[in-house]
Number of protein chains: 2
Amino acid sequence: MSILVLGTVALDSVRTPYGARKDMLGGSAAHFAMSCRLFTNVNLVAIIGEDFPSKYIDFLHKKGIILTSLIKERGRTFKWEGEYKGDLNAALTLNTELGVLSAFRPSVSEVQRKIKYIFLANVDPDIQRHLLSSMHSPTLVGLDSMNYWIHHKRVELLRLLKRVNIYVANDQEARALSGENNLIKAARCLYSYGPGMILIKKGEHGVIFYSDKFIFCIPAYPTDKVIDPTGAGDTFAGGFMGYLTRAKKINAETIKKAIAIGSVAASFNVEGFGLNRTAQLSLNELERRLIKFRKFISF
Amino acid sequence: MSILVLGTVALDSVRTPYGARKDMLGGSAAHFAMSCRLFTNVNLVAIIGEDFPSKYIDFLHKKGIILTSLIKERGRTFKWEGEYKGDLNAALTLNTELGVLSAFRPSVSEVQRKIKYIFLANVDPDIQRHLLSSMHSPTLVGLDSMNYWIHHKRVELLRLLKRVNIYVANDQEARALSGENNLIKAARCLYSYGPGMILIKKGEHGVIFYSDKFIFCIPAYPTDKVIDPTGAGDTFAGGFMGYLTRAKKINAETIKKAIAIGSVAASFNVEGFGLNRTAQLSLNELERRLIKFRKFISF
């Protein structure tokens, strides 16, 4: 079993109360892949520029991530610069340089077109649609987006939502797209847009899952070690989709476990800058924390 | 087994997106008592003014709440006026009239002094200390406070914390008193102030429990029916303390169940204005929702 993830591979510069890092390997697809690789083969679809350090390519390769559709183009790699203050729950974007991302047209091999599990991480909805249209017959399609697209490409995003099974949004995005403040109402509204499963990520407050069959809520794994939350949402999605891909069955039991696994994966991500912590993570270590997590939340 | 709760009995005027109510029965002790009564005999210690409607006294009496230490004094009853907007997670206080509360010196009967389970709901820390000092030998003392006292009577509050077993705070209060943004760090800091158990209420995001023995987190009961959240925190505390009083044993199992019960009780409170919903609540109904809640959060 394998999965295909479309998204960004970026150079991230981040400042948090615990320090600053410049031009780290980052991006939605990279963070997704780093937790997803623990469960399945990950085919990464993204674009980088000429300035992209070859050591980062080697690093992704060594982690077992399939890079045949990571294309390099003339120009500069997508860059994001952000800062976290106070409770580290919200990033303040200081600067974004799209670079080669602005002309990204993903293309995948004939073999990759047959992959059944797809995750469309945050990029322009037109790029997400373009890729999705090239896939043969996916079994499970997950989609993430962001406030910028909700406001600037709402029609395109809504059209795309009709074609995906899972919509993953943070609480602000869920509220913005649905116009509902209450998150259960927001989830119900988003469900009516098409996806059979809605996942609302609330950062340090955990996750709400909504479908017509059941609702599921869990808090975040309780941790006092939050160094850099960048990519936590993508790490969550990577663990969630990775587990479902490996489980092959999609039912209440596997979905709940996938959400718990994604939450635990995200709790490792925040413990280091960029991909530092998740790159060191083993399935064994994740499973040990999963056992602790269950204990923390069951009564 | 019985419990004694010190706090306010108030006349609340509230505006939410679902309507407005004037001079409803409210206050920390009233909300606490309304969920606590499902589990144990509740002795309410509070003050009211001459303007307090007798129908509210009859109402509390009919609900089985013991009112021998609800004193009526010359002057006006404590009044609170507030408004909720948007996601209804935070109240905007429009007006507060202390009335008789400003001269409140609680006094309890000799029989009540022997009560082992005590909850000091939100009033001036000096009043809380005064009452606590008059109790013979309490087994379990819980305390709630608010930002006003954290800022204006910090020393008194810290002194009091050394004498209680459980400190119940919302996330803002926990951050303000500890100076820590991360809630696990905040809980650890508050624990160092004296109470063996720290409960941080996060409104729609649930609860974090911290002790030296274990950590426990649960989300709020997922509901889209939030009419008026006033008193949800006190309702939570009432269910929590009520269950512990009835259980008699204080261990990880009973504490976790008490937190779940408090959460479910709070989910009923928000479904109606003031005490409307919790006043109708039966133990049977609460237990049915508890079963659903466990399903919503277990994996």
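Residues numbered from 1 in each chain as written. Chains lettered and ligands numbered in written order. Predicted model: local features only at pLDDT ≥ 70, side-chain atom pairs only at ≥ 80, totals over all residues. Heavy atoms only, no water.

### Notes on the layout of surface pockets
Think of a ball as big as a water molecule: rolled over the atoms, this probe shows where empty space is left.
Residue and element names in this part refer to chain B.
Inference 1: For the second largest pocket, the calculated volume is near 230 Å³.
Inference 2: Every residue lining the second largest pocket is counted, 15 residues in all, and those nearest its centre are Ser13, Val14, Lys22, Trp80 and Glu81.
Inference 3: Sorting the residues of the lining of the second largest pocket by element identifies strand 2 (10-16), strand 3 (19-26), strand 6 (79-84) and strand 7 (91-97) as the ones contributing at least two each.
Inference 4: Within the lining of the second largest pocket, the residues separate by chemical class into five nonpolar, three polar and seven charged. (1 Å grid on protein atoms, 1.4 Å probe; cavity = no way out; pocket = protein on both sides within 12 Å on 5 of 7 lines; lining within 4 Å. Points joined across faces, edges and corners; volume = space filled by probe spheres on them. Helix = DSSP H or I, 4+ residues; strand = E, 2+ residues; numbered from the N terminus. Nonpolar A, V, L, I, M, F, W, Y, C, P; charged D, E, K, R; others polar.)

### Side note on helix 10 (residues 252-269) of chain A
Inference 1: For helix 10 of chain A, which comprises 18 residues, the first-to-last C-alpha distance of 26 Å matches the rise-based estimate of 26 Å (1.5 Å per residue) to within 8%.
Inference 2: Burial analysis of helix 10 of chain A places 15 of its 18 residues in the buried class, which makes it a mostly covered element. (Expected span 1.5 Å × (residues − 1). Buried < 20%, exposed > 50% of the residue type's maximum accessible area, 1.4 Å probe, protein only.)

### Digging into the pattern of salt bridges
Inference 1: The tally for this structure, following the rule as stated, stands at 26 salt bridges over all chains.
Inference 2: Note that A:Arg76 is salt-bridged to A:Glu97, the shortest N-O span being 3.8 Å. Here the residue A:Arg76 occupies a position in the loop between strand 5 (66-73) and strand 6 (79-84), and A:Glu97 occupies one in strand 7 (residues 91-97), the gap between them amounting to 21 residues.
Inference 3: Taking the relative accessible area as the measure of exposure, A:Arg76 reaches 44% and is therefore partly exposed.
Inference 4: For B:Arg277, the salt bridge is made with B:Glu285, and the minimal N-O distance between the two is 2.6 Å. (Salt bridge = Lys/Arg side-chain N within 4 Å of Asp/Glu carboxyl O.)

### A word on the relation of the copies chain A and chain B
Inference 1: Once chain A is rotated about the relating axis by 180° and shifted along it by 0.0 Å, it coincides with chain B to within an RMSD of 0.0 Å. Both copies of the chain, as the preceding transformation shows, are related through a two-fold rotation axis.
Inference 2: A share of 100% of the interface residues of chain A reappears at the interface of chain B, consistent with the copies meeting face to face through the same patch. (Least-squares fit on C-alpha atoms with pLDDT ≥ 70 in both. Contact = heavy atoms within 4.5 Å.)

### A look at the pairing of strand 11 (residues 197-201) of chain A
Residue and element names in this part refer to chain A.
Inference 1: Among the five residues of strand 11, five are classified as buried, and the element is accordingly described as predominantly covered.
Inference 2: Pairing between strand 10 (residues 166-170) and strand 11: five bridges, direction parallel. In the strand pairing of strand 11, Tyr167 is matched with Ile198.
Inference 3: Pairing between strand 11 and strand 12 (residues 207-211): five bridges, direction antiparallel. Across the sheet, Lys201 pairs through a bridge with Val207, a residue of strand 12.
Inference 4: Hairpin remark: strand 11 followed by strand 12, antiparallel, with five residues in the connecting loop; positive phi at Gly203, about 60°. (Pairing = 2+ DSSP bridges.)

### Re the packing of helix 10 of chain A against helix 12 (residues 283-297) of chain A
In a packed pair of helices, the relevant descriptors are the angle between the two axes and the axis-to-axis distance.
Residue and element names in this part refer to chain A.
Inference 1: Helix 12 packs onto helix 10 with a crossing angle of 110° between their chain directions and a minimal axis gap of 9 Å. Between helix 10 and helix 12, the crossing angle belongs to the class labelled roughly perpendicular. The element helix 10 and its partner helix 12 pack so that their crossing is right-handed. The segment helix 10 lies against helix 12, with Lys257, Ala260, Ile261, Ser263, Val264, Ala265, Ser267 and Phe268 engaging Glu285, Leu286, Arg289, Leu290 and Phe293.
Inference 2: Residue composition of the contact of helix 10 with helix 12, grouped by class: eight nonpolar, two polar and three charged. (Axes fitted to C-alpha atoms, helices over the stretch in contact; angles between N-to-C directions. Parallel < 35°, antiparallel > 145°, perpendicular 65-115°, else oblique. Left-handed = near helix turned anticlockwise from the far one by under 90°.)

### Structural notes on the sheet that holds strand 9 (residues 140-144) of chain A
All names here are of chain A.
Inference 1: Here nine strands make up an open sheet; going across it, the order is 5-4-1-8-9-10-11-12-13 and the pairing mixed. What marks the edges here is a single partner per strand, and that holds for strand 5 and strand 13 (215-218). The average undirected angle you get between the axes of adjacent strands in this sheet is 15°.
Inference 2: Sheet topology places strand 12 next to strand 13; four bridges connect them, and they run antiparallel. Considered in strand 13, the bridge of Phe209 is made with Phe216.
Inference 3: Most of the contacts of helix 4 (residues 125-134) go to strand 1 (residues 2-6), to which it runs at about 150°, and overall it touches strand 1, strand 4 (41-49), strand 8 (117-120) and strand 9.

### Here we look at the environment of B:Leu140
Residues and elements named next belong to chain B.
Inference 1: Position of Leu140 relative to the elements: it lies in strand 9 (residues 140-144).
Inference 2: For the pair Leu140 and Arg37, spaced 103 residues apart in the sequence, the C-alpha separation amounts to 17 Å.
Inference 3: Once residues lying within four places of it in the same chain are set aside, the contact partners of Leu140 are Lys116, Tyr117, Ile118, Asn165, Ile166, Met197, Met241, Leu244 and Ile250.

### Re helix 4 (residues 125-134) of chain B
Residue and element names in this part refer to chain B.
Inference 1: The set of residues buried in helix 4 consists of Pro125, Asp126, Ile127, Gln128, Leu131 and Leu132.
Inference 2: Those residues of helix 4 that are buried are in contact with strand 1 (2-6), strand 4 (41-49), strand 8 (117-120), strand 9, helix 5 (147-152) and helix 6 (154-161).
Inference 3: Measuring from the backbone nitrogen of Asp126 back to the side-chain oxygen at the start of helix 4 gives 2.8 Å, which picks out Asp124 as the cap. (Polar contact = N/O pair within 3.5 Å; in protein donor to acceptor, adjacent residues only side chain to side chain.)

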